[in-house]
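What follows is the residue order along each chain.
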Amino acid sequence: MLTTRLHVVPIFIVIFVPVSFLITYIIAVYNKHVEPGFPYISDTGTLPPESCVFGLLLNFGAVVAMVMFYIRYKQISTYQTEIDRPERVLTNVNKAALGAGLLSAFGISVVGNFQETNVQIAHLFGAFLAFGFGIVYSCLQTYLSFKLPEIPGSTRSIRRGRAVICVLDVVFLIILVVATPVAFQDRPTNPRKWTPDEPGYGPHLTSTISEWIIAFLVCLYLATFTPEFKYFELIKPTISFREIPSKIVDVEGRSQDTEPQTNGLPVTLTQTDDKY
C-alpha cells in the first residue's frame, strides 16, 4: 500500500516533473514552436498541442505536490508530539512551510493553465508563486531539518545538502531576475524563436538556463525527503456520527423519525488500525 511506502511520493515527483518538461519540450521543438537551445520552460507549453499537455501534466503534478507537502507537515507535527517538543516557533515554521508549499503548487497549476501569450499577468504571477514560494518552502524545511536533526531518516549529509540546494536556488533566482529584463530590452518579435545571432541572446540564455536549474534543484530538494518518509505511515481517519436517526412505525402504519438513543453522546465508528 502507498500509505506504508510514502517515500514513493517524492521519488515520483522528482521523475514526473522533468519527464513532463521533456515531453512538452519535444512536442514544441517538433512543431517548430521554439528553438531547441534552452527555451523558457513555459515557452514549451505556450501553443497547442503542447499547451494542452503542459497544462494537464502540471495540474496533476501540482496535486501530487500538495499531497506531499501535507504529508511532510504531518510528519513534523507528529514527530514534535512524539518527542514532546511542542515549541511554538517550530510549530509556526511548520505551518508556514505548509502554506508556502501549497502556494507554490498552486502557482505551478496557474502557470500550466494561463499561457504567457494569452494571460501574461496571471502567468507571471503563477511563476512568482511557483519559484518564489518553492524556494521559501525549501528554506523553511531546511531550518526545521537542523532544529529536528533526530527525526528518523535524517542525516548530516541530507541536512547539509538541503542547505546547499537552498543557497544555489537563491543564487540562480537572482541571476534569473537580473538577466531576464536585460535580455528583453533587445528581444526579437517572437521571443520563443530567439536565435544566437540576434541581440540579447546571451542574457536570454543565462536567464533560461537559470530557470531550468532552479526547477531541477527544487525537484532534487524534494527527493531528499525520501529517506525520512520511509519511517512513518498514514492511518485511516476516524469517522464520527453525532446522531443516527432511527425510524418506528406507529399504530396507523406511518413511519416516524425518532431521536437517536445516544444519551446525548456522539456515536463513533472507528477504524484506527487500518492503513490507507
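So, about the layout of surface pockets. Empty space within the largest pocket amounts to approximately 1,100 Å³. Every residue lining the largest pocket is counted, 46 residues in all, and those nearest its centre are Ser42, His123, Ala127, Phe131 and Glu211. For the lining of the largest pocket, the secondary structure elements donating two or more residues are α1 (8–30), α2 (50–82), α3 (88–113), α4 (120–147), α5 (156–184) and α6 (201–223). If one sorts the elements of the lining of the largest pocket by residue count, α4 sits on top with 11 residues. Of the residues belonging to the lining of the largest pocket, the class tally is 30 nonpolar, 11 polar and 5 charged.

Residues Met66, Leu102, Phe106, Phe125 and Phe128 make up a contiguous nonpolar surface patch of about 470 Å² in total accessible area. Contributions of two or more residues to the nonpolar patch are made by α3 and α4. Within the element layout of this structure, Phe125 appears in helix α4. Residue Phe125 is classed as partly exposed on the basis of its relative accessible area, which comes to 46%.

Once that is clear, we can look at the packing of aromatic side chains. Scanning the entire structure with this criterion turns up 13 aromatic pairs. With 5.2 Å between their ring centres and 20° between their planes, Phe12 and Phe16 make a pair best called stacked. Residue Phe12 and its partner Phe16 are both found in helix α1; the two are separated by 4 residues, about one turn of the helix. Exposure remark for Phe16: the relative accessible area of 16% places this residue in the buried category. Of the aromatic side chains, those joined through ring pairs into one cluster are Tyr221, Phe225, Phe229 and Phe232.

Moving on to the environment of Ala28. Looking at the element boundaries, Ala28 is found in helix α1. Remark: the alpha-carbon pair of Ala28 and Gly45, spanning 17 residues in sequence, is separated by 7.3 Å. Dropping the residues within four chain positions of it, Ala28 is found in contact with His33, Val34, Thr44 and Glu50.

Under the definition given, this model contains 1 cavity of 30 Å³ or more. Estimated volume of the largest cavity: approximately 40 Å³. Taken together, Glu35, Gly37, Phe38, Pro39, Asp43, Pro191, Arg192, Trp194 and His204 form the lining of the largest cavity. For the lining of the largest cavity, the class distribution of residues is 4 nonpolar, 2 polar and 3 charged.

Calculation notes
- Residues numbered from 1 in each chain as written.
- Predicted model: local features only at pLDDT ≥ 70, side-chain atom pairs only at ≥ 80, totals over all residues.
- Heavy atoms only, no water.
- 1 Å grid on protein atoms, 1.4 Å probe; cavity = no way out; pocket = protein on both sides within 12 Å on 5 of 7 lines; lining within 4 Å.
- Points joined across faces, edges and corners; volume = space filled by probe spheres on them.
- Helix = DSSP H or I, 4+ residues; strand = E, 2+ residues; numbered from the N terminus.
- Nonpolar A, V, L, I, M, F, W, Y, C, P; charged D, E, K, R; others polar.
- Patch = residues over 30% accessible without salt bridge, like charges linked within 9 Å, V, L, I, M, F, W, Y side chains within 5 Å.
- Areas by Shrake-Rupley, 256 points an atom, 1.4 Å probe, with all protein chains shown as cover.
- Salt bridge = Lys/Arg side-chain N within 4 Å of Asp/Glu carboxyl O.
- Buried < 20%, exposed > 50% of the residue type's maximum accessible area, 1.4 Å probe, protein only.
- Phe/Tyr/Trp six-rings, centres within 6.5 Å; stacked < 30°, edge-to-face > 60°.
- Contact = heavy atoms within 4.5 Å.

Function cannot be inferred from these measures alone, as they are strictly geometric.
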